[in-house]
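Chain and residue survey
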Amino acid sequence: ELRRNVTSNGIANVHIHQIALGDTDSDMQFYSSESTEVSSFIAGHYASVNKLVRTVHVNNGDQYLQQQNVSHVDFIKLDVEGYEDAVLRGLAKTIMRDQPVLWMEWIESIRKEFAKPEQQLPIPTGYRAYGFAYNKPRWLFFNDPVVRLVSLGPTYRKRNILLLPQRIWSSGQK
């Protein structure tokens, strides 16, 4: 669907890479469900309906981009069902070098169930994080080195997080 949308809109500066990213090069078991549109490397995610689909090769993000001769990244979108920590660790050099805008889905129940306390999502240095729930912007975090789960009540369990690098949020500020 993404490839079709990019093509039908005549977008030439977007490159789609159909691969799995993480912090190491390894093979991992991949789970999916026919009854939900959810898939994950986490076996217990939707455990009642998820089943092992196949083994998938996971690539270290920084190494993959280097192998593909990608010299600059402007934007990264993540929807990885609880695997955010590993993907961001694997892209740490790219994020530090290019300061891309980051957009990711954040589902509180997945984080609480599968993330260890020491695996709270680190905000890269110089970034600010903003939360969007049901298309309503909510400022959640301010230049904190770690994203902490902030309860916004029962209607805000699923949200998107926008991480903006300082080059964007500081423009126009004194």
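Note: the structure precedes this text.
Attention in this report is confined to the structure presented alongside it.

The rules we used
- Residues numbered from 1 in each chain as written.
- Predicted model: local features only at pLDDT ≥ 70, side-chain atom pairs only at ≥ 80, totals over all residues.
- Heavy atoms only, no water.
- Helix = DSSP H or I, 4+ residues; strand = E, 2+ residues; numbered from the N terminus.
- Buried < 20%, exposed > 50% of the residue type's maximum accessible area, 1.4 Å probe, protein only.
- Contact = heavy atoms within 4.5 Å.
- Pairing = 2+ DSSP bridges.
- Polar contact = N/O pair within 3.5 Å; in protein donor to acceptor, adjacent residues only side chain to side chain.
- Salt bridge = Lys/Arg side-chain N within 4 Å of Asp/Glu carboxyl O.

**Comments concerning the overall build of the chain**
On a plain count of helices and strands, the chain comes out with six helices and nine strands. Relative to its 174 residues, the chain shows a buried fraction of 39%. For the chain, restricting intrachain contacts to residue pairs at least 6 apart in sequence, the fraction spanning at least 24 positions comes to 67%.

**Points about the sheet that holds strand β3 (residues 39-40)**
Sheet strands pair via backbone hydrogen bonds, and the direction of the pair is either parallel or antiparallel. Read from one edge of the open sheet, four strands run β1-β4-β2-β3, paired in mixed fashion. In this open sheet, the two strands that pair with only one neighbour each are β1 (20-22) and β3. One ladder, built from two bridges, connects strand β2 (residues 26-32) with β3; its direction is antiparallel. Looking across to β3, one finds that Y31 is bridged to S40.

**Description of the side chain of N60**
Among the structural elements, N60 can be located in strand β4 (residues 51-60). Residue classification places N60 among the buried positions, given a relative accessible area of 10%. Reaching out from N60, the side chain makes a polar contact with the backbone oxygen of D23 at a distance of 2.9 Å. Residues in contact with N60, not counting those within four places in the same chain, are G22, D23, T24, D25 and G90.

**Section: the pattern of salt bridges**
Between side chains of opposite charge, a pair can form as their charged atoms come close. In the structure shown here, the tally under the stated rule is two salt bridges. Measuring nitrogen to oxygen at the nearest pair gives 2.9 Å for the salt bridge that ties R89 to D23. In this pair, R89 is assigned in helix α3 (residues 84-90) and D23 in the loop between β1 and β2, connecting sequence segments 66 residues apart. Exposure remark for R89: the relative accessible area of 44% places this residue in the partly exposed category. A salt bridge links D98 to R97; the nearest nitrogen and oxygen atoms lie 2.7 Å apart. For D98, a relative accessible area of 6% puts it in the buried group.

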